[in-house]
Amino acid sequence: MYIIGWAMLVLYALLLAPGASAANDLLFKNLITGNFQQVDPLVVMVFSFLGLFPVLFMIMICKKDTYKLPGWPFSLLLFALGAFSLLFYYHWKGQKVRTRSCISSRFIAIISSRLWIGLCLALTISGYAYGLSVGSIKAYGDAFMQSQLV
């Protein structure tokens, strides 16, 4: 049943989501090339969070990577596939088999530092402030209907 739900989400994202596919999508091209002046700030905010939130999930997963199925490959896949990769991890991670994470303690110390978490928090707050204060809900709705990325 779980696989059917996951497959339905993927099929919706690939086949049924409204808007143009990446090959024909001007909004997608503007975002990928960094031409943010041509895109509504609310769309830029959401696009920025597509890179920021995987970092936050990576912090949570890697700090407690003590399960039978290692979490680090799924947190890397999160940058490319989004939440679709995490659905498999959370479903199949299994029982805890280690008392320590298999990730380098130095890497965990870096991603757990107050500086790193503060930077992520500052980026999130500034993203919300920018997108919500300058962006337009109507423009975001139009972008949602025109682009599969949104």
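Look a little higher up for the structure.
Residues numbered from 1 in each chain as written. Predicted model: local features only at pLDDT ≥ 70, side-chain atom pairs only at ≥ 80, totals over all residues. Heavy atoms only, no water.

Next up on the list: helix α7 (residues 114–134). When the terminal C-alpha atoms of α7 are compared, their 29 Å separation across 21 residues agrees well with the 30 Å that a helix rising 1.5 Å per residue should span. Summarising the contacts, the buried residues of α7 are in contact with α3 (41–63). (Helix = DSSP H or I, 4+ residues; strand = E, 2+ residues; numbered from the N terminus. Expected span 1.5 Å × (residues − 1). Contact = heavy atoms within 4.5 Å.)

Listed in full, the 12 residues of the largest apolar core are Leu42, Met45, Phe49, Leu52, Val55, Met58, Ile59, Cys62, Ile103, Ile108, Ile111 and Cys120. Contributing elements (two or more residues each) for this core: α3 and α6 (105–111). With eight residues, the single largest contributor to this core is α3. Ranked by size, the runner-up nonpolar core spans seven residues in total, among them Phe74, Leu78, Leu86 and Phe88. (Core = buried A, V, L, I, M, F, W, Y, C linked by side-chain atoms within 4.5 Å. Buried < 20%, exposed > 50% of the residue type's maximum accessible area, 1.4 Å probe, protein only.)

Where nonpolar side chains cluster on the molecular surface, the patch consists of Leu11, Tyr12, Leu14, Leu15, Leu16, Phe144 and Met145 and spans about 760 Å² of accessible area. Mapped onto the nonpolar patch, the elements with two or more residues apiece are α1 (2–16) and α8 (137–146). Sorting elements by how many residues they give to the nonpolar patch places α1 first, with five residues. By the secondary structure assignment, Leu15 is in helix α1. (Patch = residues over 30% accessible without salt bridge, like charges linked within 9 Å, V, L, I, M, F, W, Y side chains within 5 Å. Areas by Shrake-Rupley, 256 points an atom, 1.4 Å probe, with all protein chains shown as cover. Salt bridge = Lys/Arg side-chain N within 4 Å of Asp/Glu carboxyl O.)

What follows is about the environment of Ala83. Following the sequence through the fold, Ala83 ends up in helix α5 (residues 83–92). For the pair Ala83 and Lys68, spaced 15 residues apart in sequence, the C-alpha to C-alpha distance is 20 Å.

On inspection of all chains with the given rule, the structure shows four aromatic pairs. One aromatic cluster in this structure is built from Phe49, Phe53 and Tyr128. Over the ring of Tyr67 we find Lys93; its NZ or CZ atom is 4.3 Å from the centre of that ring. (Phe/Tyr/Trp six-rings, centres within 6.5 Å; stacked < 30°, edge-to-face > 60°. Lys NZ or Arg CZ within 6 Å of the ring centre and 35° of its normal.)

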